[in-house]
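Chain by chain, the residues:
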Amino acid sequence: MRLNGTKALVVGMKKSGMASVELLVRQGATVRATDLKSIEELAELGEARELLRRLDIPFARQTAEVFEGCDLIVLSPDVPADLPALLEARRRGVRVIGEVELAAPFLKGETIGITGSNGKTTTTSLVGHILGEAGVPVQVAATSENP
């Protein structure tokens, strides 16, 4: 995935949103960020606010207008994909993806994705343990977007 020069918007500034911002910046994208919370309210998400300041990433509270003027929109897991502003962006030809789709081209090695509503962390840990016991080199990564 070529991201250099892409005008990207990251929606949602929890853990995966921050990781998306960092990856996009490393790949040369021009990045903006948004969240339902204002930058002042992001104080509870202090890491996100500090990351945006450190990388000089413009931030705007989420409105319909913030979705304009971008080539790529990256959604955090807890952002509904059917927001009217996202439907309009897709209609305009903007690519709308999740953070897994953003990261996938940059992963090295075999990948196992575990999805669902319940039990992902337990299942991920169990699969990692089984593979490790079988002598397969394994790296386990799990994130939670729950508040």
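Right above here is the structure, for reference.
Figured I'd write up the structure that's included with this text. (Residues numbered from 1 in each chain as written. Predicted model: local features only at pLDDT ≥ 70, side-chain atom pairs only at ≥ 80, totals over all residues. Heavy atoms only, no water.)

1. Section: the overall build of the protein
At step 1: When helices and strands are tallied, the protein shows five helices and five strands.
At step 2: Order of helices (α) and strands (β) in the protein, N terminus to C terminus: β-α-β-α-β-β-α-β-α-α.
At step 3: Counting only C-alpha atoms and orienting by the principal axes, one finds that the protein spans roughly 50 × 35 × 30 Å.
At step 4: Counting across all 147 residues of the protein, residues that qualify as buried make up 32%. (Helix = DSSP H or I, 4+ residues; strand = E, 2+ residues; numbered from the N terminus. Buried < 20%, exposed > 50% of the residue type's maximum accessible area, 1.4 Å probe, protein only.)

2. Concerning the packing of helix H1 (residues 15-26) against helix H2 (residues 46-54)
At step 1: One way to put it is that H1 packs onto H2 with a least axis distance of 10 Å and a crossing angle of 15°. The angle between the axes of H1 and H2 places the two elements in the roughly parallel class. Where H1 crosses over H2, the handedness of that crossing is left-handed. Packed against H1, whose contacting residues are Met18, Val21 and Glu22, the element H2 presents Glu47, Ala48, Leu51 and Arg54 at the interface.
At step 2: For the contact of H1 with H2, the residue count by class is four nonpolar, no polar and three charged. (Axes fitted to C-alpha atoms, helices over the stretch in contact; angles between N-to-C directions. Parallel < 35°, antiparallel > 145°, perpendicular 65-115°, else oblique. Left-handed = near helix turned anticlockwise from the far one by under 90°. Contact = heavy atoms within 4.5 Å. Nonpolar A, V, L, I, M, F, W, Y, C, P; charged D, E, K, R; others polar.)

3. So, the pattern of salt bridges
At step 1: Tallying each qualifying case throughout the model produces six salt bridges.
At step 2: Among the salt bridges present, the one from Lys14 reaches Asp78, with a minimum N-O distance of 3.0 Å. In this pair, Lys14 is assigned in the loop between strand E1 (7-11) and H1 and Asp78 in the loop between strand E4 (72-75) and helix H3 (84-91), connecting sequence segments 64 residues apart.
At step 3: A residue is classified by how much of its surface remains accessible, and Lys14, at 22% relative accessible area, is partly exposed.
At step 4: When its relative accessible area of 39% is taken as the criterion, Asp78 is described as partly exposed. (Salt bridge = Lys/Arg side-chain N within 4 Å of Asp/Glu carboxyl O.)

4. Considering the environment of Val31
At step 1: When you line up the elements, Val31 lands in strand E2 (residues 30-35).
At step 2: Expressed as a C-alpha distance, the spacing of Val31 and Ile73, which sit 42 residues apart in the sequence, is 9.8 Å.
At step 3: Excluding residues that lie within four positions of it along the chain, Val31 makes contacts with Ala8, Val10, Val21, Leu24, Val25, Ile57 and Pro58.

5. Overview of the nonpolar core
At step 1: In terms of nonpolar packing, the biggest core is built from 20 residues, with Met13 and Leu24 touching the most fellow members.
At step 2: Ranked by the residues each element gives to this core, the list is headed by H1, at four residues.
At step 3: Aside from chain neighbours lying at most four places away, what touches Leu24 is Leu3, Ala8, Val10, Ala29, Val31, Leu72, Val74 and Leu102.
At step 4: Residues Ile73, Leu75, Leu86 and Val96 belong to the second largest nonpolar core, which totals 13 residues. (Core = buried A, V, L, I, M, F, W, Y, C linked by side-chain atoms within 4.5 Å.)

6. So, the pairing of E1
At step 1: Taken across its five residues, E1 has four buried, putting it largely inside the fold.
At step 2: In this fold, the crossover linking E1 to E2 by way of H1 has right-handed handedness. (Right-handed = clockwise from strand over helix to strand, strands pointing away.)

7. Overview of the sheet that holds E1
Working definition: the strands of a sheet are paired by backbone hydrogen bonds and lie parallel or antiparallel to each other.
At step 1: Pairing within the open sheet is parallel, and its five strands lie in the order E3-E2-E1-E4-E5. The sheet is open, and its two borders are formed by strand E3 (59-61) and strand E5 (95-98), each paired with just one other strand. For this sheet, the mean angle separating the axes of adjacent strands, direction not counted, is 25°.
At step 2: Here E2 pairs with E3 via three bridges, running parallel. The partner of Thr34 across the bridge, within E3, is Ala60.
At step 3: H1 rests against E1, E2 and E4 of the sheet, and its axis sits at about 165° to E1. (Pairing = 2+ DSSP bridges.)

Bear in mind that shape data such as this cannot, by itself, settle questions of function.
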